[in-house]
Structure formats: C-alpha cells, structure tokens
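# Chains, contacts and geometry: an overview
So the chains spell out like this:
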Amino acid sequence: MEQTSDSLLTNEERMLLEKYFSNPDYKDNIKENEALPLFNAIYKADLHQILEVVDKSSISLLRAKETPMFSSVDASIIYSINHLLAEPLTYNELGSLLPGCSSDNIPALKKYGECHGKLLASVGLAKINRTTPRTIMLTKMGVIFSRLNDDERYKMFSKMLLSTGTIKNLMIQSKYGPVSIDKELSSVHNGTTIKRRRNSTRALLKTIDHSFPYELEDRLRNIFD
C-alpha cells in the first residue's frame, strides 16, 4: 500500500479521524460500514495531520483498560494477528501460541494471551467476547490490518496508538512541556503496578519513535518517568 498525500483525504475521512482519535468509546463500537473507510483514513493521513486531531481533543479521563501491560509488540501485531485471523481464541489458546512464554502454567499462559489481546483491542483491531471462557477475535479493522506487511503494521499501529488514553494524554501534554508517565498512570494505578505499566508505556513510545523518528522528537523528549 502506498502512502498518499493528506490533500486526498475527504471530509468524511476527516470526520472519521476525529471520531477515532477524539472519542475513547468509539473504538468499541465501530460500525461495519465505517471500518474500511476509517482504516484507509488513518493509513493515508500523515502523522502531523493526526496530531492536529489529537491536539484538538480533550485530555481523556484515564481508564485501566487504556494502560496496557504486555511483553512484546511483535507478539501482538504480528503473531497474535496472524493466529487470530483463523478463528477466535481463548486467552489460554492465544498465550500458548505466542513466542516469549514457554510456561506450562495455565494461569501464566492465560495472562500472556490476555495482555497481548487487550493491546490489540485498545486500538480497535480486536474484540473481547464476554463468553466463558473469554475469547478474542479480530474486528474488521483487524482483518484489514492483517493484510499489511510487517513494516506497514508497525507504522499503522504507531498511528493508532495516539488514540489510546495514556499515549494520547502524554502526547497532548508533552507539546507544551515535560510530563510524567508515572503521574499519568497514578490516576488509575499504584505501587508496583505503575512500574509494570510504565515499562509497557515506554515500549509503546519507543515503537512510535522507531516508526516516526523525527516527527515526534521534541514531544518524546518531554516525556519522563
């Protein structure tokens, strides 16, 4: 897929970007007929255009589900996507298929699958089914995402991360000066949980920095632990 100029974005695509990056509940209820146009709009938009939408939005009231904890971005956007393309999986099943968790301990496998599945859900690429046991499946956006090559997945995912509570709040505030990850996380977590979530937040910021090494240099420099 070829990146295109922001001049090609339609008014409809701009409105979809505003929904996705400004409304924290929108990703849980993306309409089937909006999934492809939304995906194309995010893909086509350059980072500065997305930042304009993000900067105009309000600081989000942080929710625990928007502070993901995980071990590897690869495990989510490469391996989890590929495995979930075939069928919905329980957390246990997904965890057992991912690299990086060799444990035979069922609770550990379940947590591993849950964490990486929820990272996908946080940007609208997957959906958690409230069944017993819980299962996770790709959304229509996730299926479209699966067609990208690895480099395209990282760039697309990096853009989508700017819609998530923690990353979005940090980016908005870092435009104007230093901002603390721990202070942001302390509104919903405490103690050792903050440290674990901080490490995951740092990993996501590094992912964005790797995908866009120059565009966000000043903002990323303002974000500290």
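In short, a report on the structure. (Residues numbered from 1 in each chain as written. Predicted model: local features only at pLDDT ≥ 70, side-chain atom pairs only at ≥ 80, totals over all residues. Heavy atoms only, no water.)

## Section: the packing of aromatic side chains
Convention followed: Under the pairing criterion, centres of Phe, Tyr and Trp rings, with the six-membered ring standing for Trp, must be within 6.5 Å; the plane angle then separates stacked pairs below 30 degrees from edge-to-face pairs above 60, leaving the rest tilted. Relative accessibility under 20% of the residue-type maximum defines a buried residue, over 50% an exposed one, and the middle range a partly exposed one, all with a 1.4 Å probe and only protein chains included. Charge over a ring is defined by NZ of Lys or CZ of Arg lying within 6 Å of the ring centre and within 35 degrees of the ring normal.
With the rule as written, the count across this model stands at one aromatic pair. An angle of 80° between the planes, with centres 4.9 Å apart, marks the rings of Tyr-20 and Phe-21 as edge-to-face. Residues Tyr-20 and Phe-21 agree in their burial class; the two are buried. The residue whose ring lies beneath Lys-159 is Tyr-43, and the NZ or CZ to ring-centre distance is 6.0 Å.

## Details of the pairing of strand β3 (residues 135-138)
Heads up, the condition is: Note on pairing: two strands pair once DSSP finds at least 2 bridges between them. Going along the chain from the N terminus, every DSSP run of H or I of four or more residues is numbered as a helix, and every run of E of two or more is numbered as a strand.
In this sheet, β3 lies alongside strand β1 (residues 89-90) in antiparallel orientation, the contact comprising two bridges. Across the sheet, the residue bridging to Thr-90 is Thr-135, located in β3. As consecutive antiparallel partners, strand β2 (residues 126-129) and β3 are separated by five residues.

## Some words on the layout of surface pockets
The following threshold applies: Think of a 1 Å grid over the protein atoms and nothing else: a 1.4 Å probe that fits but is trapped marks a cavity, an open set flanked by protein within 12 Å on at least five of seven lines marks a pocket, and residues with an atom within 4 Å of a point count as lining. Grid points are joined across faces, edges and corners, and a volume is the space filled by probe spheres set on the points. Residues are grouped as follows: Ala, Val, Leu, Ile, Met, Phe, Trp, Tyr, Cys and Pro are nonpolar; Asp, Glu, Lys and Arg are charged; every other residue, Gly included, is polar.
Here the largest pocket is characterised by a volume of approximately 620 Å³. Taken together, 24 residues make up the lining of the largest pocket; nearest its centre are Lys-27, Asp-28, Ala-126, Lys-127 and Ile-128. At the level of elements, α2 (32-44), α6 (106-121), β2, β3 and α7 (140-145) are the ones that each hand at least two residues to the lining of the largest pocket. Here the residues of the lining of the largest pocket sort into nine nonpolar, four polar and eleven charged. As for the second largest pocket, its lining consists of Ala-64, Lys-65, Thr-67, Pro-68, Met-69, Lys-111, Glu-114, Cys-115, Lys-118, Leu-119 and Arg-197. Considering every element that reaches the lining of the second largest pocket, the biggest residue donor is α6, with five residues. Broken down by class, the residue content of the lining of the second largest pocket amounts to five nonpolar, one polar and five charged.

## A word on helix α3 (residues 47-56)
Put simply, the rule is: Any pair of residues with heavy atoms lying within 4.5 Å of one another is described as a contacting pair. Each polar contact in these results corresponds to two N or O atoms within 3.5 Å; when the atoms are within protein, one needs to be able to donate a hydrogen and the other to accept it, and residues that are neighboring in sequence are counted only if both atoms are side-chain atoms.
Looking at α3, one finds that the buried residues are Leu-47, Gln-49, Ile-50, Leu-51, Val-53 and Val-54. Looking at the buried side of α3, the elements it contacts are α1 (11-22), α2, α8 (150-161), α9 (165-174) and α12 (217-221). The backbone nitrogen of His-48 has a side-chain oxygen 3.2 Å away, supplied by the residue at the start of α3, namely Asp-46.

## Re the nonpolar core
Looking at soluble globular proteins, one finds that nonpolar side chains tend to be buried together. Selection criterion: Grouping buried Ala, Val, Leu, Ile, Met, Phe, Trp, Tyr and Cys residues that are joined through side-chain atoms within 4.5 Å yields what is termed a nonpolar core.
With 66 residues, the main nonpolar core has Tyr-20, Phe-21, Ile-42, Met-141, Phe-145, Phe-157 and Leu-162 as its most contacted residues. Aside from chain neighbours lying at most four places away, what touches Tyr-20 is Tyr-26, Lys-27, Leu-38, Ile-42, Val-123, Met-141, Met-160 and Ser-163.

## A short note on α8
What counts, and what does not: Given a helix with a known number of residues, its expected span is that number minus one, times 1.5 Å.
In this model α8 runs 16 Å from its N-terminal to its C-terminal C-alpha over twelve residues, within 8% of the 16 Å that 1.5 Å per residue would give. Along α8, the residues classified as buried are Glu-152, Arg-153, Met-156, Phe-157, Ser-158, Lys-159, Met-160 and Leu-161. The backbone nitrogen of Asp-151 lies 3.1 Å from a side-chain oxygen of the residue at the head of α8, namely Asn-149.

## Topic: the sheet that holds β1
Formally: Convention adopted: a line fitted to C-alpha atoms gives each axis, helices being fitted over their contacting stretch, and angles between N-to-C directions are expressed from 0 to 180 degrees.
Taken together, the three strands give an open sheet; going across it, the order is β1-β3-β2, and neighbouring strands pair in antiparallel fashion. Here the strands that pair on one side only, and so sit at the sheet edges, are β1 and β2. Strand contacts of α6: β2 and β3, with the helix running at about 125° to β2, the strand carrying the most contacts.

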